[in-house]
Structure formats: C-alpha cells, structure tokens
Amino acid sequence: MTYADNGSKIYCDSYLKGIIVRKTGWSPEQYLKFEDERTRPANDLLSAVPTAEVEFAVDLGCGPGNSTELLLKRYISAEILGIDSSAEMIAQARERVPNCRFEQGNLDTWRPEKKADLLYANASMQWLSGHDTLFPQLTQFLNINGSLAVQMPDNLEQPTHIAMREVAADKRWAEKLSGANAARSSLGDASFYYDLLKPHARRVDIWRTIYHHPLKGLEGIVQWFLGSALRPYLAALSEEQKPQFIEKYQELLAQSYKSMDNGIVLLPFPRLFIIATI
C-alpha cells in the first residue's frame, strides 16, 4: 500500500480513520475540495448550449450550487430552479446562490411546473437508469428552441472504478455491497444517445472529452472519489470496515497509477457531453 509522505503507517491509519470514515454521505465540503476541476466540465457544457434566450432554466442535480452559479452568470435575468435529492447539497446551494430557487427532489420522478428553455444536468444523470425513456421525456418539458444539456462521467471501465468493484467482491463485505455496483448506470455510446434524441430534437450535439486531473498521489484519487463514486460503497460498511476497504482500494490503485517525481498523479477522467435542442 502507498503511505503518506512521511512513510508512517501510523500516520496512514490516522488518515484513513480520521478523514475517510466521516466522508461517506453526500458532503458538499468533500465535493468542493476539487471545485475548479469539477466546475470546468460544467462550464464547458454550458458554453456549448446554443439557446441564447432563457427565461426559465432548471439545474437537474444542482449539488452545492457551483453549476447553478454558472447558469445565473450566463442568463442574468432568467428564473433558475435547482433540483437535488440531497438535503445537504440543497442547503449549501441556497447559501451559495440566494438569488435562485432550490427544491429537494428525485430527478427520475421530477416534473416541471412549466416548460423550460434549458434543462441542464451536470454530472447527475449517470446515477439514474432508464435513459431510453428519461431523456426523451425531458425533451417534452422544453419550449421551442430550448435545450437539454447533459454531462456524465464515462469512467466505469477506468481502473479507478474497476478497482472499486474488485474490492467490493471481497468476502469480508461482498454481501453488504451487492447493490453498490448498481448505484451507477452504464452509459450508452454516442450513437445510442444520438438515435435516442434525434427524433425529438432538430439538433443533437455529442462529444466525449478526457480530462487529466493532477492529484496529490493515490490519496488524492481517494479524496476525489469520496465526493462521488466511493460514497455508495462506504455508506454500506461499518465504521471498522471503511478504512479496510480504502486500504485495499489504494493497493489496487497503485497497480495502475504511478506518481511523478513531484508526487503528482494524473487522473484521466472521460466525460460524455450531450446537447439536444428542439
């Protein structure tokens, strides 16, 4: 396993128990540790939206409000609503962007009170299944010339996520984690989403980008995913098992990710972007 800079196992154990164990729910603070990196694809998505006139926009899976803030900056006079299933995220978003309205709700059952000019979903739809029915349905909630803009992490086959599934299969907790692998939905390819949305939109734009995030060693990778993909696994484990899971996870990460001389690890992070304009 890879230890902290001082090479002390005592320090590493303290790191695991004192930091990781507490970060198993949807934590705005944990998520925003990498705010610049997480906001960049949100901004890249928004910058490609062709809809210029927006009176009503909805941020589907608004998180702590960093993406909602981008919407407000571009569409200054628009009414903006943020939706998220996490009460902690909603509370943070309300504090961060008081000029917008936020509501707690589930995206797969959400229905708007009126049609929107922009439905914007940054790094949220990958948590939902049934894209074949959900995405076309969302286009029905748009005004003419409105856009559905979606960005989703496309990393289930990356070493980070393969390692999560391999550790989850450990007999110590395999039964507890039987459902954790299903927390994320497998994405279709670009052709799947194009064929899905083209009958409902006059223009469909799809692209895939791989970001390379500089992180501080393997611990940096762990910290990144504590705010997202590791959450379903750790949430199902006992306080004793959580550091054991992370220790085994870091051992597997070390097989695929090597630190450079300055201690930095570059984390390749593919993301799929979709914009359907009706």
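Note that the coordinates shown come from a computational prediction; the quantities given were computed from them, not determined experimentally.

Caption draft 1: Spatial organisation of the overall build of the protein. On a plain count of helices and strands, the protein comes out with 11 helices and 7 strands. Carbon and sulfur atoms make up 48% of the accessible area of the protein, which amounts to about 12700 Å² in all.

Caption draft 2: Here's a closer look at the nonpolar core. One finds V58, L60, L119, M125, F135 and M152 to be the most contacted residues of the largest nonpolar core, which totals 30 residues. Among the elements of the structure, β1 (56-60), β2 (79-84), β4 (116-122), α6 (131-139), β5 (142-153), α8 (190-197) and β7 (264-277) are those that each provide at least two residues to this core. For this core, the leading source of residues is β5, giving 4 residues. With near-sequence residues (within four places) excluded, V58 lies in contact with L81, I83, W110, A116, L118, L119 and Y120. Counting 28 residues, the second-largest nonpolar core is a separate cluster that includes V167, F225, Y233 and Y249.

Caption draft 3: A look at the sheet that holds β2. Spatial ordering of the open sheet is given by β3-β2-β1-β4-β5-β7-β6, a layout of 7 strands whose pairing is mixed. Bordering the open sheet on either side are β3 (101-104) and β6 (203-216), each of which pairs with just one other strand. Across the sheet, the axes of successive neighbouring strands diverge by a mean angle of 15°, strand direction being ignored. Relative to β2, β1 runs parallel, the two sharing 5 bridges. In the sheet register, V58 faces β2, and the bridge partner there is L81. In this fold helix α3 (residues 35-47) packs onto β4, β5, β6 and β7, with an angle of close to 150° to the strand it touches most, β4. Of the strands in this sheet, β5, β6 and β7 touch α8, which is tilted by about 145° from β6.

Caption draft 4: View of unusual backbone geometry. For A123, which is not glycine, the phi torsion reads 55° and is therefore positive. Here A123 is to be found in the loop between β4 and α6. Despite not being glycine, N145 has its phi angle at roughly 75°, a positive value. Turning to its location among the elements, N145 is positioned in strand β5.

The rules behind each value
- Residues numbered from 1 in each chain as written.
- Predicted model: local features only at pLDDT ≥ 70, side-chain atom pairs only at ≥ 80, totals over all residues.
- Heavy atoms only, no water.
- Helix = DSSP H or I, 4+ residues; strand = E, 2+ residues; numbered from the N terminus.
- Areas by Shrake-Rupley, 256 points an atom, 1.4 Å probe, with all protein chains shown as cover.
- Core = buried A, V, L, I, M, F, W, Y, C linked by side-chain atoms within 4.5 Å.
- Buried < 20%, exposed > 50% of the residue type's maximum accessible area, 1.4 Å probe, protein only.
- Contact = heavy atoms within 4.5 Å.
- Pairing = 2+ DSSP bridges.
- Axes fitted to C-alpha atoms, helices over the stretch in contact; angles between N-to-C directions.

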